[in-house]
Amino acid sequence: MKKIGLFWGSDTGMTEEIVSILVDLIGADKVDSINVFNASVEQFDAYDTLLLGLSTWYDGELQSDWDEFFESFQQIDFTDKTVALFGLGDQEGYAEYFIDGVGIIGTIVQQNGGKIVGKWKTEGYEYEASKAVLEEGWFLGLAIDEDNQPQQTDERLEQWVAQLKEEGFH
Ligand SMILES: Cc1cc2nc3c(=O)[nH]c(=O)nc-3n(C[C@H](O)[C@H](O)[C@H](O)COP(=O)(O)O)c2cc1C
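Residues numbered from 1 in each chain as written. Predicted model: local features only at pLDDT ≥ 70, side-chain atom pairs only at ≥ 80, totals over all residues. Heavy atoms only, no water.

Brief notes about the overall build of the protein
Phase 1 of the analysis: Broken down by element type, the protein carries 5 helices and 10 strands.
Phase 2 of the analysis: The globule rule puts the C-alpha radius of gyration for 170 residues at 15 Å, and the 14 Å found for the protein is close to it.
Phase 3 of the analysis: Seen along its three principal axes, the alpha-carbon backbone of the protein occupies a region of about 40 × 30 × 30 Å.
Phase 4 of the analysis: Counting across all 170 residues of the protein, residues that qualify as buried make up 51%.
Phase 5 of the analysis: Of the contacts made within the protein by residues no fewer than 6 positions apart, 75% connect residues no fewer than 24 positions apart.
Phase 6 of the analysis: Carbon and sulfur atoms make up 43% of the accessible area of the protein, which totals about 8,300 Å². (Helix = DSSP H or I, 4+ residues; strand = E, 2+ residues; numbered from the N terminus. Rg over C-alpha atoms; globule rule 2.2 N^0.38 Å. Buried < 20%, exposed > 50% of the residue type's maximum accessible area, 1.4 Å probe, protein only. Contact = heavy atoms within 4.5 Å. Areas by Shrake-Rupley, 256 points an atom, 1.4 Å probe, with all protein chains shown as cover.)

Next comes the structure, spelled out in structure tokens:
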């Protein structure tokens, strides 16, 4: 069985913590966890199923390692790949840019032929604007807010992983 490639970036360790919970939920034997800091386009090419995780910084910018990798990322061919995204953000402090990074990365995945699963309802969040919302009522991926709603994180992750399985993500 081919593994899931989980590519992530984290400035202060919050996304990294979510990654370790996700790896436990999915099964450590099923996932390769790769810090985008060390990643190459070839590594992305090696997986048919990808999980991409990142935080958003400085008014709607990509987490720093994703930001540095972004030019290369835009060259990845996502044809026949299934991709799920998750983003960390602060819906109160940065309400106009909530998890924008998910929208920026996810838009490239779609433009380059990838299929996105794991879309997540915007219900239960309060924010002004988000680049991660391409269809009304839906984020392009899971939204995690450790700054304002940490008590909801575990349940959201469990629900999302169950949803991914139902959507044939494995
Ligand atoms: C200076 C600063 C800028 C931020 N900008 C945004 C933003 O534009 N949008 C957002 O949703 N969250 C923003 N955040 C919140 C972070 O994304 C959030 O705290 C996240 O959990 C950090 O994850 P990391 O440690 O994995 O990088 C910002 C936080 C800081 C301190």
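From this point, the discussion proceeds with the structure in view.
Structural notes on the UniProt feature "domain: Flavodoxin-like" (unreviewed entry) in the protein
Phase 1 of the analysis: With numbering matched to this structure, UniProt assigns "domain: Flavodoxin-like" (unreviewed entry) to residues 4-165.
Phase 2 of the analysis: In residues 4-165, helix accounts for 33% and strand for 25%; the two terminal C-alpha atoms are 12 Å from one another. (UniProt positions renumbered as here; feature names shortened; annotations may be inferred.)

Details of the sheet that holds strand β7 (residues 120-121)
Two pairing modes exist for strands in a sheet, parallel and antiparallel, and in both the strands are linked by backbone hydrogen bonds.
Phase 1 of the analysis: Read across the sheet, 3 strands follow the order β7-β9-β8 without closing on themselves; strand pairing throughout is antiparallel. If you trace the sheet from one side to the other, it starts and ends with β7 and β8 (133-135), each paired once.
Phase 2 of the analysis: With 2 bridges connecting them, β7 and strand β9 (residues 138-139) associate as antiparallel partners. Within β9, the residue paired with Trp120 across the bridge is Phe139. (Pairing = 2+ DSSP bridges.)

Examining helix α5 (residues 153-166)
Phase 1 of the analysis: For α5, which comprises 14 residues, the first-to-last C-alpha distance of 20 Å matches the rise-based estimate of 20 Å (1.5 Å per residue) to within 8%.
Phase 2 of the analysis: Looking only at α5, the buried set comprises Thr153, Arg156, Leu157, Trp160, Val161, Gln163 and Leu164. Taken end-on, α5 shows its buried residues confined to a sector of 160 degrees, consistent with a single buried face. Across from the buried face of α5, at angles greater than 90 degrees, the exposed residues are Glu155, Lys165 and Glu166.
Phase 3 of the analysis: Looking at the buried side of α5, the elements it contacts are α1 (14-26), β3 (49-57), β5 (82-88), β6 (115-117), β7 and β10 (142-144). (Expected span 1.5 Å × (residues − 1). Arc of directions from axis to C-beta.)

Quick look at the environment of Gln159
Phase 1 of the analysis: Among the secondary structure elements, Gln159 is positioned in helix α5.
Phase 2 of the analysis: Under the relative-accessibility criterion, Gln159 is labelled partly exposed at 43%.
Phase 3 of the analysis: Each C-alpha atom of the pair Gln159 and Ile105 lies 22 Å from the other, and the pair is 54 residues apart in sequence.

Topic: the pattern of salt bridges
Phase 1 of the analysis: One pass over the structure, following the stated rule, counts 4 salt bridges.
Phase 2 of the analysis: Its salt-bridge partner being Lys3, residue Asp32 comes within 3.2 Å of it at the nearest N-O pair. Placement of Asp32 in strand β2 (residues 31-35) and of Lys3 in the segment before β1 (4-8) is noted, with a sequence separation of 29 residues between them.
Phase 3 of the analysis: A relative accessible area of 23% means that Asp32 is categorised as partly exposed.
Phase 4 of the analysis: Residue classification places Lys3 among the partly exposed residues on the basis of a relative accessible area of 32%. (Salt bridge = Lys/Arg side-chain N within 4 Å of Asp/Glu carboxyl O.)

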